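# Reading the structure
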Amino acid sequence: MRVDKTYKGYQQFEGVMSLPPDPPLSTSSYHLIFNDFCPNIGGNYKVLPETILTIKNPALEIMEKVIENKNLNNPKKLKSFSYNSYSKTIVDIKSNDSLDNTLFNDMNYLFLTEVLTKRKFLSPDLDNEEIVATKMSGLKHTDYYFLASQGQPFSFYEEPIILLNNSYLSPLNNSAFRNYDFKLEEKYYQKNDTIFIISFKPKPQRHFNSLKGILYISSNNYAIQSVSAEPNDTGKINLKIKHLYKKIDGSWFPEQLNYQATFTPKLNNRNDLYIIDNKTFIDSIKINPDLDRSDFYTESLYLNVQKNKNATSLISENRTEPLSIKEANTYHVIDSLGDAFNIQKTLKLIEKLPLGKISINSIDVNLGQIIQINRFEGARLGIGLSTNNKFDENFNIAGYYGYGIKDRLSKYGITLGYVLNQQNRLNISTSLSNTLIETGKYNDAFSVSEYFYDFNPRSLMSAQFDNNKSVKTTISARSFRYINWKLGINYASITPLYGIYNDSFSPYLFQYENNSINNYNTFQFKLNMRFAYKEKIMKLFDYDLSLGTKYPVLNIFYERGIKDLFKSDLSYNKIEIDIKQEITFNRIGTIVYCLTGGLIDKPVPYGLLFGGHGGFDRKIPFVANNHFQTMMPYEFVSDKFINLFLTYEIMRFFPNYNIFSPNISLAHNMGIGGLSKKEAHQNINFKTLENPYLESGLILSNLIKFDLYNVSSLGIGGGVFYRYGSHSYEKQQDNYVFKIDFAISLN
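Reading the values: the criteria
- Residues numbered from 1 in each chain as written.
- Predicted model: local features only at pLDDT ≥ 70, side-chain atom pairs only at ≥ 80, totals over all residues.
- Heavy atoms only, no water.
- Helix = DSSP H or I, 4+ residues; strand = E, 2+ residues; numbered from the N terminus.
- Contact = heavy atoms within 4.5 Å.
- Areas by Shrake-Rupley, 256 points an atom, 1.4 Å probe, with all protein chains shown as cover.
- Pairing = 2+ DSSP bridges.
- Phe/Tyr/Trp six-rings, centres within 6.5 Å; stacked < 30°, edge-to-face > 60°.
- Buried < 20%, exposed > 50% of the residue type's maximum accessible area, 1.4 Å probe, protein only.
- Lys NZ or Arg CZ within 6 Å of the ring centre and 35° of its normal.
- pLDDT = per-residue confidence, 0-100.
- Lys, Arg positive; Asp, Glu negative; His and termini not counted.
- Salt bridge = Lys/Arg side-chain N within 4 Å of Asp/Glu carboxyl O.
- Polar contact = N/O pair within 3.5 Å; in protein donor to acceptor, adjacent residues only side chain to side chain.
- Expected span 1.5 Å × (residues − 1).
- Core = buried A, V, L, I, M, F, W, Y, C linked by side-chain atoms within 4.5 Å.
- Patch = residues over 30% accessible without salt bridge, like charges linked within 9 Å, V, L, I, M, F, W, Y side chains within 5 Å.

### Describing the overall build of the chain
- Per the secondary structure count, the chain includes 8 helices and 46 strands.
- Within the chain, residue pairs in contact and separated by at least 24 positions form 62% of the contacts whose partners lie at least 6 positions apart.
- In the structure as shown, the chain presents an accessible area of about 37300 Å², 55% of it carried by carbon and sulfur atoms.

The following block contains the structure:
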């Protein structure tokens, strides 16, 4: 590098300085020292003083302005917007065998789907995306939609960046300069604009969920014009995204969202490369249109069933780009195969599989009712059936039957329901059942439908049940967008199926009004409310699926027992409240908490009390979320309590290896409670929580990862928990509990 130096009273001097071949990625200082003499104006020579030359990475100055202006350029910071989109997703196979020219490699793709949507957004939280039409190869008509853009962020300004349900620290985060290196690769001029091409990657020795890629930055508001990015750590599924933006009415807005996912599943001793290619084109963009809250449905994502009946013509009229010959052949060939092998019928059968159901015409089969395992029943074999909207849009019938192998008891129930208002989910139902209800589990907690694979091993530990024969009527609805509520009346005849064993079995007895009773009748009024602020709901078929919220989720359950009505034996008030939230902090980790508490104002039988939330069973050594890991399931009972379950998952700081990718979590759980009139409960062993229950633990997840067909991984880890305080055991070794943790992931 040549440097010209001028000092007052001296002639200009030229010096040469050698710099590293690559520009510095952060601000660096270089000492420039002249060993030659420099003549002054009078002709005398003197050694010039040492000069410190500071060179700053030019990419940092640009990125500082990008981060400074990110709220200005973030489309989610607009007052409102609306647009139409056309999405096309292709699934292809590339054989690694050069001699294998399969049908899918030459003439057509393996799969093709197209989706039309209309989206509108009103700040701060109203967001609707209507699926106008969906078309899939092999199916003449389907109400199932595959919206590929859900696997990536709508804009690169979102924080964190979510790709396939994994969170990544954004290079636009305020902490980006501590975690990412940036390099100005090139710049060029485009009309009155300058485009800066900047690469980014995580700093060396920084282990976190990071991205790498290229940013095209416009000098106009220092906004992203284009970005290509991918996870820095390669997983089972390699994902790359590319976003294009354009300026509309003074605001930058996405105009194209693309991604490509590649993976090589190990199937039948083959290593073919599968490619999922998605392009989403955005048009008819309106910036800050005049929208009103009344224009928005509760569901964030839903299918317009009526419009979708004309899907083929709607998609043909609104394609952003025409189908290629190979794409057109895909519809022709796969549709022909669909007709020949009746794929339509097969896919219709399994399209609700993620919900734990299969559909046979107008009947849904509940797979979760086929087999249920717990300590009391051993295995319950059965079947659960319900009608779907093909039977009737509003009226539905559901029923189940099960038989316990160990307890040799039948369980059954039937429910008749009618939807009074589809938009507000106003529903009335009446049910009749003869079933088992675990002690301490009578709150009938309301929840939005979740996916089938969400499993808590605590259910395997269930061993203490009441036989519950009941008739109930319930009305439920959704109000004020984020509130789900349920009102009901319930009459039940309850018989405890537990007691103590000495020389013989002595059934549980409840001392009530100078009588010892085993079975009892209750008439209850119930109110259940769930409040999830800014929760996103996806409507799939006739089910609502939660897409989550970053805010606390509040559940309130109230029950009033009314004595003497229909020969009811009990009068009491019972309330239970829980609050749950998951909070993610960039570069720090994730905190998950559950705060729950309850109160019963009068003595009630053991089964109606609050359980201790114990999740320790030596034969089932798995971590049970939101339970005490060192407490046995029925060790404690209360009629008043408050519990806190707290887990802190530390941001990953180990490198991500194929078979070793540990995550560290810290857990602390504590609770306190009490029970009035303990003497009313006879022939049952229990403890109470007048003194705090305390435990803490350390969990190491993904200590060993097992490959699942080279597409996903089963991570096995472990945790150790320590019970201390007033409820600790005398022998120290008894206070330690070791548990197994497992999880399935796509990396």
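### Here we look at the side chain of threonine 439
- Structurally, threonine 439 can be placed in the loop between β26 (426-438) and β27 (465-479).
- Those residues in contact with threonine 439 that sit more than four places away from it in its chain are Gln464, Phe465, Asp466, Tyr498, Tyr606, Gly607 and Tyr634.

### Topic: the pairing of strand β22 (residues 371-374)
- Pairing between β22 and strand β23 (residues 378-387): 4 bridges, direction antiparallel. Each residue of the ladder has a partner; that of glutamine 372, found in β23, is arginine 380.

### A closer look at the packing of aromatic side chains
- In the structure shown here, the tally under the stated rule is 36 aromatic pairs.
- Each ring, one from tyrosine 297 and one from tyrosine 302, has its centre 5.2 Å from the other, and the planes form 75°; the classification is edge-to-face.
- Note on tyrosine 297: relative accessible area 36%, which makes it partly exposed.
- Residue tyrosine 302 is classed as buried on the basis of its relative accessible area, which comes to 11%.
- Look at phenylalanine 510 and tyrosine 512: their rings are 5.6 Å apart centre to centre, the planes differ by 20°, and that puts the pair in the stacked class. The same class applies to phenylalanine 510 and to tyrosine 512, which are both buried.
- Connected via pairs of aromatic rings, a cluster forms that spans Phe156, Phe177, Tyr180, Phe182, Phe200 and Phe208.
- Arginine 119 extends its terminal NZ or CZ atom over the ring of phenylalanine 154, reaching a point 4.5 Å from the ring centre.
- Sitting over the ring of tyrosine 331, lysine 135 keeps its end group 4.2 Å from the ring centre.

### Let's talk about the confidence of the model for the chain
- Per-residue pLDDT for the chain averages 86, and the proportion of residues at 70 or more is 87%.
- Residue range residues 28-37 is modelled with pLDDT below 50. Its contacts to residues more than four positions away, or to other chains, number 37 contacts.
- Counting interchain partners and residues more than four positions distant, the pLDDT-below-50 stretch residues 447-453 has 22 contacts.

### Here's the deal with the environment of serine 661
- With respect to the element layout, serine 661 can be found in the loop between β41 (640-650) and β42 (663-674).
- The spatial distance from the C-alpha of serine 661 to the C-alpha of lysine 705 is 7.5 Å, given a sequence separation of 44 residues.

### What to know about the side chain of arginine 481
- Among the structural elements, arginine 481 can be located in the loop between β27 and β28 (483-496).
- One buried charged residue, arginine 481, forms no salt bridge at all, with the nearest opposite charge on aspartate 125 at 6.0 Å.
- Only 2.7 Å separates the side chain of arginine 481 from the backbone oxygen of tyrosine 297, close enough to count as a polar contact.
- Excluding its chain neighbours within four sequence positions, the residues that come into contact with arginine 481 are Leu126, Arg293, Phe296, Tyr297 and Thr298.

### Points about helix α7 (residues 325-341)
- Taking 1.5 Å of rise per residue, the 17 residues of α7 would be expected to cover 24 Å, and the 24 Å separating its terminal C-alpha atoms lies within 8% of that figure.
- Just past α7, the residue asparagine 342 takes up positive phi, approximately 55°.

### Thoughts on the pattern of salt bridges
- For the structure shown, the criterion picks out 24 salt bridges.
- For glutamate 438, the salt bridge is made with arginine 458, and the minimal N-O distance between the two is 2.8 Å. Here arginine 458 lies in the loop between β26 and β27 and glutamate 438 lies in strand β26, a separation of 20 residues in the sequence.
- According to the relative accessible area criterion, glutamate 438 is buried, its value standing at 9%.
- When its relative accessible area of 7% is taken as the criterion, arginine 458 is described as buried.

### A short note on the pairing of β23
- Note that strand β21 (residues 363-366) and β23 share 3 bridges and pair antiparallel. Bridging across to β23, isoleucine 363 finds its partner in threonine 387.
- Where β22 folds back on β23, the antiparallel hairpin that results is connected by 3 residues.
- As defined by bridge partners, β23 adjoins strand β24 (residues 395-404) across 7 bridges and the pair is classed as antiparallel. When the bridges of β24 are listed, glycine 382 appears paired with glycine 402.

### Let's talk about the nonpolar core
- Counting 40 residues, the largest nonpolar core has Phe156, Phe182, Ile217 and Ile224 as the members making the most contacts within it.
- Ranked by residues supplied to this core, first place goes to helix α1 (residues 58-68) with 6 residues.
- Counting 22 residues, the second largest nonpolar core, distinct from the first, contains Tyr512, Tyr520, Ile600 and Tyr606.

### What about the sheet that holds strand β32 (residues 515-517)?
- Spatial ordering of the open sheet is given by β32-β31-β43, a layout of 3 strands whose pairing is antiparallel. In this open sheet, the two strands that pair with only one neighbour each are β32 and β43 (681-682).
- Both strand β31 (residues 509-512) and β32 contribute to a ladder of 3 bridges, which runs antiparallel. Bridging across to β32, glutamine 511 finds its partner in serine 516.

### Quick notes on a nonpolar patch on the surface
- On the surface, Ile370, Ile371, Ile373, Leu381, Ile383, Leu385, Tyr401, Tyr403, Ile405 and Tyr412 cluster together into a nonpolar patch covering about 890 Å² of accessible area.
- Of all the secondary structure elements, the ones that give two or more residues to the nonpolar patch are β22, β23 and β24.
- With 3 residues, the top contributor of residues to the nonpolar patch is β23.
- Here leucine 385 lies in strand β23.
- Residue classification places leucine 385 among the partly exposed positions, given a relative accessible area of 38%.

### Notes on the environment of leucine 184
- Structurally, leucine 184 is set in strand β12 (residues 180-190).
- Judged by its relative accessible area of 26%, leucine 184 is partly exposed.
- In the structure, leucine 184 is positioned 16 residues away from phenylalanine 200 in sequence and 9.2 Å away in space, judged by C-alpha atoms.
- Other than its neighbours up to four places away in sequence, leucine 184 contacts Pro58, Ala59, Ile62, Phe196, Ile197 and Ile198.

### Some words on the environment of glycine 213
- Structurally, glycine 213 can be placed in strand β14 (residues 211-218).
- The class of glycine 213 is buried, set by a relative accessible area of 17%.
- For the pair glycine 213 and lysine 201, spaced 12 residues apart in sequence, the C-alpha separation works out to 6.8 Å.
- Setting aside anything within four residues of it in sequence, one finds glycine 213 in contact with Ile198, Ser199, Phe200, Ser228 and Ala229.

### Concerning unusual backbone geometry
- Between serine 123 and the following residue, proline 124, the backbone shows a cis peptide bond with an omega angle of 5°.
- With omega at -10°, the peptide bond leading from glutamate 159 into proline 160 counts as cis.
- With respect to the helices, strands and loops of the structure, proline 160 is situated in the loop between β9 (126-136) and β10 (161-163).
- Even without a glycine there, the phi angle at lysine 567 is positive, about 60°.
- Inspection of the secondary structure assignment puts lysine 567 in the loop between β36 (553-561) and β37 (572-585).
- Taking the relative accessible area as the measure of exposure, lysine 567 reaches 68% and is therefore exposed.
- The backbone of histidine 613 sits at a positive phi, close to 60°, despite the residue not being glycine.
- With respect to the helices, strands and loops of the structure, histidine 613 is situated in the loop between β39 (610-611) and β40 (637-638).
- Overall, histidine 613 belongs to the buried group, its relative accessible area being 19%.

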